[in-house]
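If you want the building blocks of each chain, they are given just below.
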Amino acid sequence: MSRILVVDDEARIRQIIRKYAEFEGFEVEEAVDGMQAIEICRKEDFDLIIMDVMMPELDGFSACREIRKFKKTPIIMLSARGEEYDKIHGFELGSDDYVVKPFSPKELMMRVNAVIKRSQGAQNEENVKKDVFTYEGLSVDFSARIVTIDGKRIEMTPKEYELFFYMVKNKGLALTREKLISEVWGYDFFGDERTLDTHIKLLRKSLGEYSRCIVTLRGVGYRFETI
């Protein structure tokens, strides 16, 4: 269950957000001002923070700046002020979105889900980049863009790298030709599926004995698996 911290000095606003967030399946914690929010964030982890700008003790902008010193938690700022300067200032401090009061609770929840999804996707990508996939003598260093077999570096074309990395990251999944083309070549690709098949053939040649890891799914596409 994803956890949200709602920071607002108005109890009514906190209650409204809590009601809709809990309905969406989130666990909700509350803070009445920026100082309390900082104290809570030092002790607990959240998937997202919803923070009002205008609050006593410590305003949302200052709290956001302080939290960013020790946490990368996504932050959505709430404010009755919708001037461009305020939005830009919020983004410069590290907020991920800016919602102007009065707001639609349903729209806020859509933004919450979008920010969390985007944040988790970025985190997963970061984790993958730090990883080195290994299987027997095959090693794939995603960040360095290096593939080795039994310690010997395998040279590939840029598209072979992109195609292979995408398949490895999605190990065990059935990948349709359409999916591979859209993810590796892009939706504006004007070629045909034979281009993909040709690259798969070249990739298998580069992988030598590990070409067995690229399995053809007749009438569907391909799957990378360690067999």
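Residues numbered from 1 in each chain as written. Predicted model: local features only at pLDDT ≥ 70, side-chain atom pairs only at ≥ 80, totals over all residues. Heavy atoms only, no water.

If you check an unreviewed UniProt entry, the chain appears there as Stage 0 sporulation protein A homolog from Ruminococcus bromii.

**Student:** What is the right way to read the side chain of Ser-95 from this model?
**Tutor:** Following the sequence through the fold, Ser-95 ends up in the loop between helix H4 (84-93) and strand E5 (97-100). Beyond its immediate stretch of four places on either side in the chain, Ser-95 contacts Cys-64, Ile-75, Met-77 and Gly-90. (Helix = DSSP H or I, 4+ residues; strand = E, 2+ residues; numbered from the N terminus. Contact = heavy atoms within 4.5 Å.)

**Student:** Explain the domain arrangement of the chain to me, please; I cannot follow it from the model alone.
**Tutor:** One frequently used descriptor of interface size is the decrease in accessible area upon assembly of the parts. Here the domain parsing of the chain yields domain 1 (1-118) and domain 2 (156-222). Distance between the C-alpha centres of domain 1 and domain 2: 41 Å. (Domains from an automatic or database assignment.)

**Student:** What exactly am I supposed to notice about unusual backbone geometry here?
**Tutor:** Among all residues except glycine, the phi angle is most often negative; among peptide bonds, the trans geometry is most common. Omega for the bond connecting Lys-101 with Pro-102 falls within 30 degrees of zero, at -10°, which places this linkage in the cis form. With respect to the secondary-structure elements, Pro-102 resides in the loop between E5 and helix H5 (105-130). Within the chain, Glu-57 stands out as a residue other than glycine whose phi angle is a positive 70°. For Glu-57, the location among the structural elements is in the loop between strand E3 (48-52) and helix H3 (60-67).

**Student:** I tried to follow the sheet that holds strand E1 (residues 3-7) on my own but got confused; where do I start?
**Tutor:** Backbone-to-backbone hydrogen bonds pair the strands of a sheet. The strands run either parallel or antiparallel. Strand order in this open sheet of five strands is E2-E1-E3-E4-E5, and the pairing throughout is parallel. For this open sheet the edge positions go to strand E2 (27-31) and E5, each flanked by a neighbour on one side alone. Adjacent strand axes in the sheet meet at a mean angle of 20° when their direction is disregarded. Sheet analysis places strand E4 (residues 75-79) next to E5, joined by four bridges and oriented parallel. The residue of E5 that forms the bridge with Leu-78 is Val-99. (Pairing = 2+ DSSP bridges. Axes fitted to C-alpha atoms, helices over the stretch in contact; angles between N-to-C directions.)

**Student:** I keep staring at the nonpolar core and nothing clicks. Help me out?
**Tutor:** Across soluble globular proteins, nonpolar side chains have a tendency to be buried as a group. Among the nonpolar cores identified, the biggest contains 30 residues, and Leu-138, Val-147, Phe-164, Met-167 and Phe-224 are the most heavily contacted of them. Ranked by residue count, the leading element in this core is helix H6 (residues 158-169), at seven residues. Excluding anything up to four places from it in sequence, Leu-138 contacts Phe-133, Val-147, Thr-148, Ile-149, Phe-164, Leu-207, Tyr-210 and Phe-224. Grouped together as the second largest cluster of nonpolar side chains are 21 residues, Leu-5, Val-7, Met-51 and Leu-58 included. (Core = buried A, V, L, I, M, F, W, Y, C linked by side-chain atoms within 4.5 Å. Buried < 20%, exposed > 50% of the residue type's maximum accessible area, 1.4 Å probe, protein only.)

**Student:** Just checking my understanding: could you explain the sheet that holds strand E9 (residues 152-153) for this structure?
**Tutor:** Ordered by their spatial adjacency, four strands build an open sheet running E6-E7-E8-E9, and the pairing between neighbours is antiparallel. The sheet terminates laterally at strand E6 (132-135) and E9, the two strands that pair on one side only. The pairing of strand E7 (residues 138-141) with strand E8 (residues 146-149) spans four bridges and is classified as antiparallel. Looking across to E8, one finds that Val-140 is bridged to Val-147.

**Student:** I'm lost on the packing of H3 against H4 in this one. Help?
**Tutor:** Two numbers describe a pair of packed helices, the interaxial angle and the distance between the axes. Relative to each other, H3 and H4 sit at 20°, their axes nearing to 9 Å. When the axis of H3 is compared with that of H4, the two are roughly parallel. Here H3 runs over H4; the crossing is left-handed. On the side of H3, the interface is formed by Phe-61, Cys-64 and Arg-65, while H4 contributes Asp-86, His-89, Gly-90 and Leu-93. By residue class, the composition of the contact of H3 with H4 is three nonpolar, two polar and two charged. (Parallel < 35°, antiparallel > 145°, perpendicular 65-115°, else oblique. Left-handed = near helix turned anticlockwise from the far one by under 90°. Nonpolar A, V, L, I, M, F, W, Y, C, P; charged D, E, K, R; others polar.)

**Student:** Help me out: how do you make sense of the packing of aromatic side chains in this one?
**Tutor:** The geometry of an aromatic ring pair is captured by two quantities: the separation of the ring centres and the angle between the planes. All chains considered together, the criterion is met by five aromatic pairs. Judged by centre distance (6.2 Å) and plane angle (75°), the rings of Tyr-135 and Tyr-210 are edge-to-face. With Tyr-135 in strand E6 and Tyr-210 in the loop between helix H8 (193-207) and strand E11 (214-217), this residue pair connects regions lying 75 residues apart in the sequence. Judged by its relative accessible area of 3%, Tyr-210 is buried. Between Phe-142 and Phe-165, the aromatic rings sit 5.5 Å apart at their centres with planes inclined by 70°, giving edge-to-face as the arrangement. In this pair, Phe-142 sits in the loop between E7 and E8 while Phe-165 sits in helix H6, placing the two residues 23 residues apart along the sequence. (Phe/Tyr/Trp six-rings, centres within 6.5 Å; stacked < 30°, edge-to-face > 60°.)

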